[in-house]
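# Chains, contacts and geometry: an overview
So you can see what is in the structure, the chains are spelled out below.
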Amino acid sequence: MNRIYTTLSSVALSVAAFTVSAELSPVQLAVGASPAAVVPASPSRADEAAKKPGEVDEAIVSGGWKNIGKGMWYEDLLCAYEDFMDATGTNWQVDIEESEAVPGYYRILPYYEGTIIAELNWEADWNYIYIDATDPEKVVAKDFAPYDYFLMSHTVPENGWSEDASKGYGKLEEGIITFPRNAFSAYIDIYGEWMLTSFNDGVRIALPGAKITDYSIHYSLDFCQVSSDVEFTLTYGASAAKAVGGVYKGFYAGSEENIASVAKTGKELTGGEQSYSLSDGMYTFFVILLDADGNVAASKVSNFFVYNDDKSEWEDIGTVDYSDDIYGSAYESVIPFTQSHKVIIERNIKNNGLYRLKNPYYTSWEYYTRFNLHLDRHYHTHYIEIDASDPDKVVMRSSNLGVNVTFAGYGIVESLPTFNESLGRPAGDLYGTLKNGVISFPANSLVFYEHGNPNAYVVNRNARMNFVLPATSAIEGVEENTEGGMSAPVYYDLTGRVTANPVKGPLYIKRIGSKAEKEVF
């Protein structure tokens, strides 16, 4: 292995011309839930060490194989991982071998040299996937571990899974083996759990002699776009009668309902160079291929985030203590908060009520080191932007956290009021405040989501997201007592209210003159 892969993403890439005509279903807000509780995850497989139900019988492996010709592999396995996402929607020729001992039992080397997966990983894989198609109505793929690292399992009882875990068998019809969406699960070693994969059109294999169709969709587009000018090249398969799509401001899931809506209302797309200019924020791309009858034959859906970083508009005003209540709230059982760390805070030169926190989840974050092999980080700058122009209605603007620690995509956070407004809902009253030089967000006032998970979650459950502005930013509302030299300390709770009689134990904000800091009394 040349690279470490731990980022599982359930959304593929896409492209489209700008349109807002389709009626799309927004993400669902899972109040009081955590991603770990509601991300579709397969139940634990009850493997008995001696049985290993997902393995291929050794007699079949060693019983002899014959090459029966060229077929076609339609990728929807490794492309669930962030590093292989460019392979989503692609297909390529493969050699099909059939068992001499058990006719209808096949094996394939899908990631041989020259395939897009091999190119993305800088090396080929020489592991076979074995497929039992002896019963065309109940095709079973056995456990498959490409690169001896990514363990994939077809979630059917024959592989040791319970009936309620199964998303269905494959079927062999007219020479094509088709597995349903989410028919496979990937083992995530950091959690010791299985999570559903095969999110897109499902794995398909065309056997020799079958009618080969090419509904592939390909282009490369990074999740983080650091410029408003977004450019890429789109190509799609010759079997498509028409390509339609759209790009939408906001975060939308690649659900069957949304795909059907865009298929009806999206603009026609042509292959080749694509270029357009977008404002800051999250976007969702759809590209859908239609067959000759106008039916959806293939689709890709992806999210990406645009942020134009004009550093000349910002000034560094010092550091703040950052007490994570985003990942530490959403994934408390996996990455619980234990300690604060210092983060640089910048202020906008033109708007002194606009602040941003620089790389809050980078080297100073405790899990940067602890989960070093499991963090898929971006190495350019990311910010949490805070608009405190109205001190009584402080909001956290939609901000890309730039880190993927949960195998469900890169994290985005924003205030609940702005999230509600973006979906046409009442904003509510859970705004932050700026009082006495402290920016405070109340409990349950922030929304967190990941671009590979069609749900959003209320976070800041412990109200830890509070920031004492550096002295240079002028803590207002408290008069400094200069009699006798040093002024007396003034204590505030984490909402910015003065506490006349602090008690031992809680965390307070202590101010002496123009200097403020967090302190456990």
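Summary of the structure given here. (Residues numbered from 1 in each chain as written. Predicted model: local features only at pLDDT ≥ 70, side-chain atom pairs only at ≥ 80, totals over all residues. Heavy atoms only, no water.)

Our next topic: the pattern of salt bridges. Overall, the coordinates contain 11 salt bridges when judged by the stated rule. One salt bridge in this structure joins Glu137 and Lys171, with 3.8 Å as the shortest N-O distance. One end of the pair, Glu137, is in the loop between β5 (129-132) and β6 (140-141); the other, Lys171, is in strand β8 (residues 171-173), with 34 residues separating them in the sequence. Of the residues examined, Glu137 reaches a relative accessible area of 44% and is grouped as partly exposed. (Salt bridge = Lys/Arg side-chain N within 4 Å of Asp/Glu carboxyl O. Helix = DSSP H or I, 4+ residues; strand = E, 2+ residues; numbered from the N terminus. Buried < 20%, exposed > 50% of the residue type's maximum accessible area, 1.4 Å probe, protein only.)

In this section: the packing of aromatic side chains. A complete count under the given rule lists 25 aromatic pairs for this structure. Each ring, one from Tyr219 and one from Phe232, has its centre 5.1 Å from the other, and the planes form 40°; the classification is tilted. Residue Tyr219 is found in the loop between β13 (217-218) and β14 (224-225), and its partner Phe232 is found in strand β15 (residues 229-236); the two are separated by 13 residues along the sequence. Each member of the pair Tyr219 and Phe232 is classed as buried. Ring centres of Tyr327 and Tyr361 lie 5.3 Å apart, and the angle between their planes is 85°; this geometry places the pair in the edge-to-face category. Separated by 34 residues along the polypeptide, Tyr327 in helix α5 (residues 327-330) and Tyr361 in the loop between β23 (354-358) and α6 (366-370) bring together distant segments of the chain. (Phe/Tyr/Trp six-rings, centres within 6.5 Å; stacked < 30°, edge-to-face > 60°.)

Pairing within the open sheet is antiparallel, and its 3 strands lie in the order β7-β10-β11. A strand with exactly one partner marks an edge of an open sheet, and here the two such strands are β7 (152-154) and β11 (193-197). On average, each strand axis in the sheet is inclined to that of its neighbour by 35°, with strand direction left out of account. (Pairing = 2+ DSSP bridges. Axes fitted to C-alpha atoms, helices over the stretch in contact; angles between N-to-C directions.)

On to unusual backbone geometry. You will see that Asn444, though not glycine, has its phi angle at about 65°, which is positive. By relative accessible area, which is 35% here, Asn444 ends up partly exposed. The phi dihedral of Ala463 is positive, around 55°, even though this residue is not glycine. By the secondary structure assignment, Ala463 is in the loop between β33 (455-459) and β34 (466-468). When its relative accessible area of 22% is taken as the criterion, Ala463 is described as partly exposed.

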